[in-house]
Amino acid sequence: MELWYTEEHSPDVRFSIRVDKHLYSEKSSFQRIDIMKSNEFGVFLTLDSLMMVTEKDEFIYHDMIVHVPMAVNPNIKKVLVIGGGDGGTVRELTKYNSVQEIDLVEIDEMVVSACRKYLPQTACKLSEDRVNIFYEDGLKFVRKKEGYYDLIIVDSTDPFGPGEGLFTKEFYGNCYKALNDWGILVNQHESPYYKVYAESLKLANERIKQFFPITKLYQAHIPTYPSGHWLFGFASKKFDPIDGLDEGRWNNLRIKTKYYNTELHKGSFALPNYVKELLS
Ligand code: SAM
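Only a predicted model underlies this, so the values are computations on that prediction, with no experimental measurement involved.

## What to know about the pairing of strand E1 (residues 3-10)
Reasoning step 1: In this sheet, strand E2 (residues 13-27) lies alongside E1 in antiparallel orientation, the contact comprising 7 bridges. Across the sheet, residue Ser-10 finds its bridge partner in E2, namely Val-13.
Reasoning step 2: Where E1 folds back on E2, the antiparallel hairpin that results is connected by 2 residues.

In C-alpha cells:
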C-alpha cells in the first residue's frame, strides 16, 4: 500500500511526496507535528500538515535567511531567532565566530525535541553554548526587549495558528524597538504566486514598511514550498542590503555554503515585474 503526503497549495493545486515511513506523529498544544521519511526529499517535518523542512532542500531556505543579513553587517553579535524550532537557522548562524549570542524563541518544545531526534541535520547546533532556547510566544518575548539585538530572524510558520501574531503591526513595531540602531529584521515573507500567500506577503510588507526606513524583498527557489517561488523580507534601520554588502570581506570568512554566494545575494533582490506590481 502506497503512502503519500499531500499539501494543498491552492484550492486547485496539490503537491504530493511518496512516503517510505511515517516516523513521528504527535499533537502538541499548538499544532500537529509529523515527521516522515521519503526517497526524494529525505526526512521532512510538517506542522498541521504544512511542509516546513526537508533534509534535501532545507539548505536553500536556511542559507538565504541567514547569510544575506550576515553578509551586510560584519558586526552582528546578538541574534534573536523567532520560530526556527528545526534548528537550521541556528546552525547557519553558528558558522560565524563573531556571533556571541543566539536567542531562539520557539513556542513549541515538542518541535525541538522531535527535530533533535529525527532531523539532526538541522538541529545539530541547538546545544551550542551560544544558543539560549526560550519556549515562548515570540510575540510576547519581543515586547520585553529594547535596543538589544543586531539581527532578528523570523523563521515562522505561515500567518495562521500560532504564527499569526508574527505577521502583525504590533509584532513588527516591537521588533523595531528590540533592535539596536543598526538593527536588521529578516523574515520568512511568504510567496507572490498563489492568492492566499500573495495576500499575506502584501500585508506583511505594508506593515513592516511602517517602521523600517529600508525595506527590500529577496527571493529563492524552494522546491517543496507552494509554487517554489519564496520571498524573504529584509528590513533595516541603517544598512542597504546591496550597497551594504562587502563581498570581499564575506568571502574572506571562507564560510562554507551550499546555496548562498555574494553574486546570488545581489541577484536575489531583482524581483519579477508581477511581484513589483503586487507590492506597489
Ligand atoms: N522554514 C519554515 C517555514 O518557512 O515555514 C518554518 C520552520 S520552523 C519549523 C517554524 C516554527 O515557528 C515552528 O516550529 C512553530 O512552532 C514556530 N512558531 C509558530 N508561531 C510561533 C510564535 N508565535 N512564537 C514562536 N514560535 C512560533
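## Comments concerning the packing of aromatic side chains
Reasoning step 1: Within this structure, the stated rule accounts for 16 aromatic pairs.
Reasoning step 2: Summarising the aromatic geometry, the rings of Tyr-176 and Phe-212 are spaced 5.0 Å apart at their centres and angled 70° between planes, so their arrangement reads as edge-to-face. With Tyr-176 in helix H6 (residues 169-178) and Phe-212 in the loop between helix H7 (195-209) and strand E11 (214-221), the pair connects residues that are 36 residues apart, well separated along the chain.
Reasoning step 3: Looking at Phe-212, the relative accessible area reads 4%, which means it is buried.
Reasoning step 4: Measuring from ring centre to ring centre gives 6.2 Å for Phe-234 and Phe-269, while their planes differ by 80°; the resulting arrangement is edge-to-face. Within this pair, whereas Phe-234 is found in strand E12 (residues 229-236), its partner Phe-269 is found in the loop between helix H9 (262-267) and helix H10 (273-279), the two being separated by 35 residues in sequence. The burial state of Phe-234 is the same as that of Phe-269; both residues are buried.
Reasoning step 5: Sitting over the face of the ring of Tyr-148, Lys-78 holds its NZ or CZ atom 4.4 Å from the ring centroid.

## As for the pattern of salt bridges
Reasoning step 1: Applying the stated criterion to the full structure yields 15 salt bridges.
Reasoning step 2: Close ionic contact of Glu-58 with Arg-91 constitutes a salt bridge, the shortest N to O distance being 2.8 Å. Remark: Arg-91 occurs in helix H2 (residues 88-93) and Glu-58 occurs in helix H1 (residues 58-72); sequence separation between them is 33 residues. Across the pair, exposure class does not vary: Glu-58 and Arg-91 are buried alike.
Reasoning step 3: Residue Lys-140 pairs with Asp-137 through a salt bridge whose shortest N-O separation is 3.8 Å.
Reasoning step 4: Judged by relative accessible area, Lys-140 falls into the partly exposed class, the value being 48%.
Reasoning step 5: For Asp-137, a relative accessible area of 21% translates into the label partly exposed.
Reasoning step 6: When salt bridges that share partners are traced, they join Glu-58, Arg-91, Glu-92 and Lys-95 into one network.

## Some thoughts on empty space enclosed by the protein
Reasoning step 1: Tallied over the full model, the rule gives 2 cavities of 30 Å³ or more.
Reasoning step 2: Roughly 410 Å³ of internal volume is contained in the largest cavity.
Reasoning step 3: Taken together, 32 residues line the largest cavity, and the ones lying closest to its centre are Leu-47, Met-52, Asp-155, Ser-156 and Thr-157.
Reasoning step 4: For the lining of the largest cavity, the secondary-structure elements that each account for two or more residues are strand E4 (42-47), strand E5 (50-54), H1 and strand E6 (78-83).

## Points about the site of the ligand
Reasoning step 1: Gln-31, Glu-106, Asp-137, Gly-138 and Pro-162 are the nearest of the 25 residues found near the ligand.
Reasoning step 2: Side-chain polar atom of Glu-106 to an oxygen atom of the ligand: 2.6 Å apart, as the coordinates give it.
Reasoning step 3: Here Gly-138 contributes a backbone N or O atom positioned 2.9 Å from a nitrogen atom of the ligand.
Reasoning step 4: Across the complex, the protein chains shield 99% of the 590 Å² of accessible surface that the ligand would expose by itself.
Reasoning step 5: If you map the ligand onto the pockets, it falls in the largest cavity.
Reasoning step 6: Of the residues assigned to the shell around the ligand, the class counts are 10 nonpolar, 9 polar and 6 charged.
Reasoning step 7: When we break the shell around the ligand down by domain, the ones giving at least three residues each are domain 1 (3-53) and domain 2 (58-279).

## Overview of the layout of surface pockets
Remark: the empty space left among the atoms is shown by a probe the size of a water molecule rolled over them.
Reasoning step 1: Considering only enclosed or pocket space, the largest pocket measures out at about 190 Å³ in volume.
Reasoning step 2: What lines the largest pocket is Glu-55, Lys-56, Glu-58, Phe-59, Asp-63, Arg-91, Glu-92, Lys-95, Gln-121, Lys-256, Thr-257 and Lys-258.
Reasoning step 3: Only H1 and H2 provide two or more residues apiece to the lining of the largest pocket.
Reasoning step 4: Ranked by residue count, the leading element in the lining of the largest pocket is H1, at 3 residues.
Reasoning step 5: Each residue belonging to the lining of the largest pocket can be placed in one class, and the counts come to 1 nonpolar, 2 polar and 9 charged.

## A closer look at unusual backbone geometry
Reasoning step 1: One non-glycine residue, Ser-49, lies in the positive phi region at around 70°.
Reasoning step 2: On the secondary structure map, Ser-49 appears in the loop between E4 and E5.
Reasoning step 3: With a relative accessible area of 37%, Ser-49 lands in the partly exposed category.
Reasoning step 4: Even without being glycine, Glu-190 reaches a positive phi, approximately 70°.
Reasoning step 5: Within the fold, Glu-190 resides in the loop between strand E10 (179-188) and H7.

Criteria and thresholds
- Residues numbered from 1 in each chain as written.
- Predicted model: local features only at pLDDT ≥ 70, side-chain atom pairs only at ≥ 80, totals over all residues.
- Heavy atoms only, no water.
- Pairing = 2+ DSSP bridges.
- Helix = DSSP H or I, 4+ residues; strand = E, 2+ residues; numbered from the N terminus.
- Phe/Tyr/Trp six-rings, centres within 6.5 Å; stacked < 30°, edge-to-face > 60°.
- Buried < 20%, exposed > 50% of the residue type's maximum accessible area, 1.4 Å probe, protein only.
- Lys NZ or Arg CZ within 6 Å of the ring centre and 35° of its normal.
- Salt bridge = Lys/Arg side-chain N within 4 Å of Asp/Glu carboxyl O.
- 1 Å grid on protein atoms, 1.4 Å probe; cavity = no way out; pocket = protein on both sides within 12 Å on 5 of 7 lines; lining within 4 Å.
- Points joined across faces, edges and corners; volume = space filled by probe spheres on them.
- Near = heavy atom within 4 Å.
- Polar contact = N/O pair within 3.5 Å; in protein donor to acceptor, adjacent residues only side chain to side chain.
- Areas by Shrake-Rupley, 256 points an atom, 1.4 Å probe, with all protein chains shown as cover.
- Sits in = over half its atoms within 2 Å of the grid points.
- Nonpolar A, V, L, I, M, F, W, Y, C, P; charged D, E, K, R; others polar.
- Domains from an automatic or database assignment.

Function cannot be inferred from these measures alone, as they are strictly geometric.
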